[in-house]
Amino acid sequence: MGPIKTVEKIITLTAILAGLVACDRYQDISRAAGLSESITLGEPYRHRIFTNPAAQEKTASERWHVYVEGDGRAVNSRGAPSLDPTPRTPLLLSMMAQDPRPGLYLGRPCYFHTDDPLCSPVNWTLARYSEETVSSMALALHKHVTDDAPITLIGHSGGGTLAVLLAARLKNVDQVVTLAGNLQVTKWTTFHHYSPLSLSLDPARQPPLSPCTRQYHLAGAQDQEILPDWIEEYSQTQPSSHFQQLNDADHRTGWPLWWTLINIEPTIKTQRCDKVTR
């Protein structure tokens, strides 16, 4: 029994230290940038929310930039579900901290240490893009953003998946920006011989977004995880959609601040655009 207990203690200590390392990194970003944070209850999950200083001075009808991070550490180096999916280096949290416009970082279920009793590895593996995940995130966001405030959703990798899925059900989302977005989930799992995400939604299998929602899908030319061709193919199936490839970017590095790449200012419309949500 002695050696077994020793191994159990080592595994537990490793898990605790891993959580502390991840916690320190995102908390360091938050403290350095003067972000506000809270935990908001969706349905059924808890979500950690960060907002930048510009958000604290916004008017009720001013545009929100809402960020959704990628899959983080969904699995470990051996391909098994990780103990904690929180990303070591959250790319979009750093971007949101630098955003001059009001920004909100919408934490995914079971990420960023919410102590949610409903969480299990299924949430960040097979069900990472599930209906429950999307609906809980939508409710959590609705508690922070009024209906009269337009929203630009920004997602990286699997966060791009969720941004597109959220856009379909939030009436005030009129712009979506994805960076290396996983927009063809089945094609991605098949190509890499990953386990099928049997409990998740696939944007490529959903109806196109409303023409009222302008889409900007950005790909890294050096990306070997989400191939640029997949993103371009998805973009071609969508109305009001634009595709752009960045020569120096791969899946995680080489990404400039997204608002320096595209013009997201509203265009003058001659007719009213009434968005129908799902």
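Refer to the preceding data block for the structure.
The shown structure was predicted, so the numbers you read here are calculated from the model rather than taken from an experiment.

**Structural notes on the pairing of strand S8 (residues 241-246)**
Pairing of strand S7 (residues 214-220) with S8, which is carried by 6 bridges, proceeds in the parallel orientation. By the bridge assignment for S8, Gly-220 is matched with Leu-246. At this point the chain moves from S7, through helix H6 (residues 228-236), to the parallel S8, and the crossover so formed is right-handed.

**Structural notes on the state of the cysteines**
Per the stated rule, a full pass over the model turns up 1 disulfide. Here Cys-110 is linked by a disulfide to Cys-119, with a sulfur-sulfur distance of 2.1 Å. Disulfide Cys-110-Cys-119: the torsion about the S-S bond is -95°, which places it as left-handed. Accessibility expressed as a relative area gives 7% for Cys-110, which makes it buried. Note on Cys-119: relative accessible area 24%, which makes it partly exposed.

**Points about helix H3 (residues 131-142)**
One turn of an α-helix holds 3.6 residues; hence residues three or four places apart share an orientation. Across its 12 residues, H3 extends 16 Å between first and last C-alpha, which sits within 8% of the 16 Å expected from 1.5 Å per residue. Among the residues making up H3, those that are buried are Thr-133, Val-134, Ser-136, Met-137, Ala-138, Ala-140 and Leu-141. Looking at the buried residues of H3, the elements they touch are strand S1 (36-41), strand S2 (46-51), strand S3 (64-68), strand S4 (103-106), strand S5 (151-156) and helix H4 (158-167).

Reading the values: the criteria
- For every chain, the first residue of the written sequence is number 1, and numbering continues from 1 along that sequence.
- In keeping with the predicted nature of the model, local features appear solely for residues at pLDDT of at least 70, side-chain atom pairs appear and are counted solely at 80 or more, and the whole-chain, interface and lining totals rest on all residues.
- The side-chain figures draw on all heavy atoms in the structure; neither hydrogens nor water molecules are used.
- Between any two strands, pairing holds if DSSP finds at least two bridges.
- Segments assigned H or I by DSSP are reported as helices when at least four residues long, segments assigned E as strands when at least two residues long, and all are numbered from the N terminus.
- Call a crossover right-handed when, viewed with both strands pointing away from you, the route from the first strand across the helix to the second goes clockwise.
- When two cysteine sulfur atoms lie within 2.5 Å, the pair is treated as a disulfide.
- Whether a residue is buried, partly exposed or exposed follows from its accessible area with a 1.4 Å probe, protein chains only, as a fraction of its type maximum: under 20%, in between, or over 50%, in that order.
- Expected helix span is computed as 1.5 Å times (number of residues minus one).
- Residue contacts are defined here by distance: any two heavy atoms, one from each residue, within 4.5 Å place the two residues in contact.

Shape descriptors only; they carry no functional weight alone.
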